[in-house]
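# Architecture at a glance
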Amino acid sequence: MFSPLLESVIEREKMPVVDEAALEAFCAENDMVALLVAGDYKRVSTVNDLAVILPELVKEFKGAFAPCVASRDQEALFQGKYGFVLLPTLVFLKGNEVLGTLSGVHDWTDFISQIKEIITPAQKTDAAE
């Protein structure tokens, strides 16, 4: 179960909730993807913060990545597959390639600079093709 706030963001922003198979299909449909692996909002207070920040990041990066949310029952699977421990985490993917992960909540300028570092090499690769 997601927090009520995350549920409302998922609905308002029309973010798909994905399991492993749905994530694979979503990655095939989109150039770059940001997977939110949220965690238990009752134990991790920053889940709601990232729920609000993610749509703003999508706008800031002018849709360079498509957001989706890991289903709660697949979070541990994604943690193992993508090699992160802390929640919430954003996993940036291009196809089956992990571009990078960003765990926790950061200052806005830190979010921007860290995401640029993660996605810019992939964008340059696209421009060269």
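See the structure above.
Residues numbered from 1 in each chain as written. Predicted model: local features only at pLDDT ≥ 70, side-chain atom pairs only at ≥ 80, totals over all residues. Heavy atoms only, no water.

## Some points on the overall build of the protein
Convention followed: Each helix corresponds to a stretch of at least 4 residues labelled H or I by DSSP, and each strand to a stretch of at least 2 residues labelled E; elements are numbered beginning at the N terminus. Only C-alpha atoms enter the radius of gyration, while the globule expectation follows 2.2 Å times N to the 0.38, with N the number of residues. Note on classification: 1.4 Å probe, protein chains only; a residue is buried when its accessible area is under 20% of the maximum for its type, exposed when over 50%, partly exposed between these limits. In what follows, a contact means two residues having at least one pair of non-hydrogen atoms within 4.5 Å. Here the accessible surface of atoms and residues is derived via Shrake-Rupley with a 1.4 Å probe, and residues count as covered only by protein chains that are part of the display. A residue counts as positive if it is Lys or Arg and as negative if it is Asp or Glu; His and the chain ends are not included. Lysine's charge is taken at NZ, arginine's at CZ, aspartate's at CG and glutamate's at CD.
Per the secondary structure count, the protein includes five helices and five strands. Taken from N to C terminus, the helices and strands of the protein fall in the order α-β-α-β-α-β-α-β-β-α. Relative to its length of 129 residues, the protein is compact, with a C-alpha radius of gyration of 14 Å against a globular reference of 14 Å. Seen through its C-alpha atoms, the protein measures out along the principal axes to roughly 45 × 35 × 30 Å. Of all 129 residues assigned to the protein, the portion counted as buried reaches 45%. Within the protein, contacts between residues at least 6 apart in sequence are counted, and of these 71% link residues at least 24 apart. Counting every atom, the protein has about 6,800 Å² of accessible surface; 52% of that belongs to carbon and sulfur. Averaging the locations of the 11 positively and 20 negatively charged side chains of the protein gives two centres separated by 4 Å.

## Quick notes on the pairing of strand S5 (residues 97–103)
Rules: By this definition, two strands are paired if DSSP reports at least two bridges between them.
One ladder, built from six bridges, connects strand S4 (residues 89–94) with S5; its direction is antiparallel. Bridged to Thr89 within S5 is Ser103. Taking the residues between adjacent antiparallel strands as the criterion, S4 and S5 are bridged by two residues, where Gly95 takes a positive phi near 65 degrees.

## Quick look at the side chain of Thr89
Test applied: Within 3.5 Å is the distance limit for a polar contact, defined as a pair of N or O atoms, with the added protein rule that one can donate a hydrogen and the other accept it, and that residues adjacent in sequence qualify only through two side-chain atoms.
Here Thr89 shows up in strand S4. Here Ser103 takes part through its side chain, which lies 2.6 Å from a polar atom of the side chain of Thr89. Each residue touching Thr89, except ones within four places of it in the same chain, is listed here: Leu35, Leu36, Val37, Leu50, Phe84, Thr101, Leu102 and Ser103.

## Considering the sheet that holds strand S3 (residues 66–70)
Test applied: Helix axes use the C-alpha atoms of the stretch in contact, all axes being lines fitted to C-alpha atoms, and the angles between their N-to-C directions lie in the range 0 to 180 degrees.
Spatial strand order, S1-S3-S2-S4-S5: five strands in an open sheet with mixed pairing. This sheet does not close on itself; its edge strands, each paired only once, are strand S1 (17–18) and S5. As paired elements, strand S2 (residues 33–37) and S4 share five bridges and run antiparallel to each other. Bridging from a neighbouring strand, Ala34 pairs with Phe92 of S4. Against the sheet, helix H4 (residues 75–82) makes contact with S1, S2, S3, S4 and S5, and its axis sits at roughly 125 degrees relative to S2, the strand it touches most.

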